[in-house]
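Structural features, examined
These are the residues of each chain, in order.
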Amino acid sequence: MNAKYVRNVLGIGLPMATLAVGLIPYLANRSELPSRVATHFNTSGAADGSLSLTAMLIVTGVMWFVGSGVCTVVAFGRFAMDEYTAPVAAFGGAFVAALGAVLLLHTSIDQQGVTDWQLVSVGWGTILLFLLASLGAGTFGAALGQRLPFVPAVASDEIAPTMELNPGQHVVWANTMIQRWVVVLTLAMTLLAVVFIVLVYSWFGGIGFLIAGLSTGLLARVRFQADSSGLRVQYGWFAWPRTTIDLHQIKRASVIDVRPAKWGGWGYRGSLTLMKRAAVVLRSGPGLHLELQSGKIFVATVDEPEVAAAVLNAEIGRQR
């Protein structure tokens, strides 16, 4: 697909498609919708919160407008955007726009003819369907964003150090990064989860904060190891999950200056499977950059990245 076609699909086609998904059913059924619609449900699926129909339309409309706006900016923006930020931003924009659309779609269909919003219920399968549809739209947006011709995320002044290894000599480099601010954030989210579950009696809010806390906690401690087998990254206090990149997959290891804004922010960003590039961004500054044989990119901010790159490049040279 040429760049013009990709821009039109991402900046116009995708927003219009999500708009149609939500707006057409609403326009067809709005005369049969109640003045107040159910918008919040407890763990058993029964409605326990509502909004006026106008407020519901505003909320989902804002979601669509913001998400579509991001997609349009990524597609047609005149400022330079690197090849990593583009798919990440497109994913987020498409996900939010689609989520707003499917929420309005479900409300327009499921609550048609309802006289009292308290009689409405929703199943976990429906909620899962919302998320899968939104994730599908986000993945499609990311795939389009990856095809756009943006400036490279990697600086041109990257260096690729190496070292001399004697026959039979093997060097192992290891480093563990512990982020205190991530530990504090994890504990705060866990505490909020307890508050929501015990005091507010909101299982949805509690589970949401608990999942966010557990996900954040994976980056509180990250261990790196580079040797003749390649690079291994272990996340969290239990060294799971892991990212393993075998030596034969690595084309070149180098050191670059990593700026979170250019890699989608702090945390684990991207996916080697879906976006063909991933980054573990724990801070700004020097980072390890791996160019893989498949054309994929892996980046990690870690102390002494030049030593890790030198070990990997030496082993790559010996393997060749």
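An account of the accompanying structure is given in this report. (Residues numbered from 1 in each chain as written. Predicted model: local features only at pLDDT ≥ 70, side-chain atom pairs only at ≥ 80, totals over all residues. Heavy atoms only, no water.)

Across all of its chains, the model carries two aromatic pairs by this definition. Summarising the aromatic geometry, the rings of F91 and F95 are spaced 6.2 Å apart at their centres and angled 15 degrees between planes, so their arrangement reads as stacked. Of this pair, F91 and F95 both sit in helix α3 (residues 85-110), four residues apart, roughly one helical turn. Taking the relative accessible area as the measure of exposure, F91 reaches 26% and is therefore partly exposed. With a centroid separation of 6.0 Å and an interplanar angle of 85 degrees, the aromatic rings of Y235 and Y268 are classed as edge-to-face. Placement of the pair is Y235 in strand β5 (residues 230-235) and Y268 in strand β8 (residues 267-271), with a sequence separation of 33 residues. With a relative accessible area of 5%, Y235 lands in the buried category. (Phe/Tyr/Trp six-rings, centres within 6.5 Å; stacked < 30°, edge-to-face > 60°. Helix = DSSP H or I, 4+ residues; strand = E, 2+ residues; numbered from the N terminus. Buried < 20%, exposed > 50% of the residue type's maximum accessible area, 1.4 Å probe, protein only.)

For the pair helix α2 (residues 53-76) and α3, the least separation of the axes is 8 Å and the interaxial angle reads 155 degrees. With respect to each other, α2 and α3 are oriented roughly antiparallel. Crossing angle aside, the handedness with which α2 passes α3 is left-handed. Residues M56, L57, T60, M63, W64, G67, S68, V70, C71 and V74 of α2 form the contact with α3, whose participating residues are A86, A89, A90, G93, A94, V96, A97, L99, G100, L103, L104 and T107. (Axes fitted to C-alpha atoms, helices over the stretch in contact; angles between N-to-C directions. Parallel < 35°, antiparallel > 145°, perpendicular 65-115°, else oblique. Left-handed = near helix turned anticlockwise from the far one by under 90°. Contact = heavy atoms within 4.5 Å.)

Below, the discussion takes up the nonpolar core. Buried together is how nonpolar side chains tend to be arranged in soluble globular proteins. Counting residues in hydrophobic clusters, the biggest one holds 31 residues, and the most contacted among them are F224, L288, L290, F298 and L312. Taken together, the elements giving at least two residues each to this core come down to β3 (173-178), β4 (221-227), β5, β7 (250-258), β9 (277-281), β10 (285-292), β11 (297-301) and α7 (305-319). Top element by residues in this core is α7. It accounts for five residues. Beyond its immediate sequence surroundings of up to four residues, F224 is in contact with W173, A174, N175, M177, R232, V233, A300, T301 and V302. V9, L14, A86 and L144 belong to the second largest nonpolar core, which has twelve residues in total. (Core = buried A, V, L, I, M, F, W, Y, C linked by side-chain atoms within 4.5 Å.)

Once that is clear, we can look at the sheet that holds β10. Taken in spatial order, the five strands make up an open sheet running β7-β10-β11-β9-β8, and their pairing is mixed. The open sheet has two free edges, formed respectively by β7 and β8, since each of these has just one partner strand. When the angles between neighbouring strand axes are averaged without regard to direction, this sheet yields 10 degrees. Relative to β11, β9 runs parallel, the two being bridged by four bridges. Bridging across to β11, V280 finds its partner in A300. Here α7 sits on the sheet and contacts β7 and β10; the angle it forms with β7, its principal contact strand, is near 165 degrees. (Pairing = 2+ DSSP bridges.)

All right, on to the environment of T162 then. Tracing the backbone through its elements, the reader meets T162 in the loop between α4 (124-146) and β3. Separated by 155 residues in sequence, T162 and G317 have C-alpha atoms that sit 9.0 Å apart. Every residue in contact with T162, bar those within four places of it in the chain, is listed here: A310, N313 and A314.

Turning to the packing of helix α1 (residues 3-29) against α3, a few remarks are in order. Contact geometry for α1 and α3: axes closest at 7 Å, N-to-C directions at 15 degrees. It follows from the interaxial angle that α1 and α3 lie roughly parallel. With respect to the hand of their crossing, α1 and α3 are arranged in left-handed fashion. Where α1 approaches α3, its residues L10, L14, T18, V21, G22, L23, P25, Y26 and N29 are matched on the opposing element by A90, A94, A97, A98, A101, L104, L105, S108 and I109. Residues that form the contact of α1 with α3 fall into these classes: 14 nonpolar, four polar and no charged. (Nonpolar A, V, L, I, M, F, W, Y, C, P; charged D, E, K, R; others polar.)

Positionally, L131 belongs in helix α4. Note: C-alpha distance between L131 and G100 (31 residues apart in sequence) is 11 Å.

What follows deals with the pattern of salt bridges. For the coordinates displayed, the defined rule picks out five salt bridges. Notably, a salt bridge pairs D227 with R232, separated by 3.0 Å at the nearest N-O pair. (Salt bridge = Lys/Arg side-chain N within 4 Å of Asp/Glu carboxyl O.)

Where strands meet in a sheet, backbone hydrogen bonds hold them as pairs that are either parallel or antiparallel. In space, the four strands of this open sheet follow the order β3-β4-β5-β6, with antiparallel pairing throughout. Only two strands of the sheet have a single neighbouring strand rather than two, namely β3 and β6 (242-246). On average, adjacent strands in this sheet sit at an angle of 10 degrees to one another, irrespective of strand direction. Relative to the sheet, α7 contacts β3, β4 and β5, its axis offset from that of β4 by approximately 35 degrees.

Once that is clear, we can look at a nonpolar patch on the surface. Among the surface-exposed residues, I58, V62, F65, V66 and V70 lie close enough to one another that they form a single nonpolar patch of about 460 Å² accessible area. Assignment of secondary structure puts V66 in helix α2. Classification of V66 as partly exposed rests on a relative accessible area of 46%. (Patch = residues over 30% accessible without salt bridge, like charges linked within 9 Å, V, L, I, M, F, W, Y side chains within 5 Å. Areas by Shrake-Rupley, 256 points an atom, 1.4 Å probe, with all protein chains shown as cover.)

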